[in-house]
Amino acid sequence: MKPILRIILILMIMATAAAAGEAKEKLFYILNYSVYHCNAEIELNGILVTRSDRETAYSLTGFADIGMWIYPGTNTVTVTIKPMAGRKAAITNSSVELSVSTAKEGQMSDEGKKIMSLRIPEKDSDTSLDAVTSPVVKTATFKPAYIPPSELWGKVKPVVLDAAARAAITKLVKDYHAAFVRKDADALHSFLIFAATDVSRTRHQAEDEVKTKMKDALKEMMAEKGFVMEPLDVKNLVMKPVAEGRVIQVTDRNGEAPVRTKGTKESGSYSFPVYAGLVDGKWIIVR
């Protein structure tokens, strides 16, 4: 299992079995995508949703639940297509196609109401992506009529990523990593409670279940054989403003989550992405 999938499971494990209370509407935002022979990255509001690579022959098809990153106002989908590394054979009919839709609870990913779509190139006869030599960037925007329930977007505003902000975010990441090293479930509960409960809202799941079950879920995860943290490379932390500068994504120099476990043959590794926001005057993990 890929690391990014494992951390999504960890953040949700305490809520996936819990049904939310009756709501007027339970809608989920889905991004469906199909990439054919393109070295492509697809982002929503600056957050990477998926990318193709050599392991997948630069082709992939799938969908992603993107509700946690949908906010009021203009939302932006960005597709970046780069030259393919080590391309030996001629590639034809390269393309990227995606759509954003709202699906009701119980619907399949492609059964919802489509609110935005993008196809690159627009015409089948266009072969401009067959031999890309420099990055091609295309964007599409939409203003959602339905906003997933969330407290985050009412609390965060665009911030200046100055020296003081960088120092505070660095301390947050160091303390977060140290809690994993200590296997301190109480501390980790404090670090993750805002993100976990707010994401549960966007998925129409019961917040109380998250609050009561998260600590046990963390303990169970950290009790797994081989759960050992990789050292934190503080000097090489990279901070990137996303979501119109209201959230700061923290990665290492390779674009990977800075907080992660050492890999094992049996179960791979856990990866813990860090998205920080300034909430009520304090930098916390918000997603």
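Residues numbered from 1 in each chain as written. Predicted model: local features only at pLDDT ≥ 70, side-chain atom pairs only at ≥ 80, totals over all residues. Heavy atoms only, no water.

**Some details on helix H3 (residues 163-182)**
In step 1: Taking 1.5 Å of rise per residue, the 20 residues of H3 would be expected to cover 28 Å, and the 28 Å separating its terminal C-alpha atoms lies within 8% of that figure.
In step 2: Where H3 is concerned, the buried positions are Ala165, Ile169, Thr170, Leu172, Val173, Tyr176, His177, Ala179 and Phe180.
In step 3: Following H3 by one or two positions, Lys183 adopts a phi angle in the positive range, close to 55°. (Helix = DSSP H or I, 4+ residues; strand = E, 2+ residues; numbered from the N terminus. Expected span 1.5 Å × (residues − 1). Buried < 20%, exposed > 50% of the residue type's maximum accessible area, 1.4 Å probe, protein only.)

**Some details on the sheet that holds strand E10 (residues 247-251)**
In step 1: Spatially, four strands are ordered E9-E10-E13-E14 in an open sheet, and the strand pairing comes out antiparallel. Every other strand in the sheet has two partners, leaving strand E9 (238-242) and strand E14 (282-285) as the edge strands with one partner each. Neighbour-to-neighbour, the strand axes of this sheet turn through a mean angle of 30°, independent of strand direction.
In step 2: Pairing of E10 with strand E13 (residues 274-279), which is carried by three bridges, proceeds in the antiparallel orientation. Within E13, the position partnered with Ile248 by the bridge is Ala276.
In step 3: Relative to the sheet, H3 contacts E9, E10, E13 and E14, its axis offset from that of E14 by approximately 40°. (Pairing = 2+ DSSP bridges. Axes fitted to C-alpha atoms, helices over the stretch in contact; angles between N-to-C directions. Contact = heavy atoms within 4.5 Å.)

**Quick notes on empty space enclosed by the protein**
In step 1: One pass over the full model with this rule turns up three cavities of 30 Å³ or more.
In step 2: Lining the largest cavity are twelve residues, and of these Gly226, Phe227, Ser267, Gly268 and Tyr270 sit closest to its centre.
In step 3: Looking at the lining of the largest cavity residue by residue, the classes come out as two nonpolar, six polar and four charged.
In step 4: What the second largest cavity holds in volume is close to 50 Å³.
In step 5: Taken together, twelve residues form the lining of the second largest cavity, with Lys82, Pro83, Met84, Leu129 and Val132 sitting closest to its centre.
In step 6: Taken together, the residues that form the lining of the second largest cavity break down as seven nonpolar, two polar and three charged. (1 Å grid on protein atoms, 1.4 Å probe; cavity = no way out; pocket = protein on both sides within 12 Å on 5 of 7 lines; lining within 4 Å. Points joined across faces, edges and corners; volume = space filled by probe spheres on them. Nonpolar A, V, L, I, M, F, W, Y, C, P; charged D, E, K, R; others polar.)

By themselves, these are just geometric observations and shouldn't be taken as functional.
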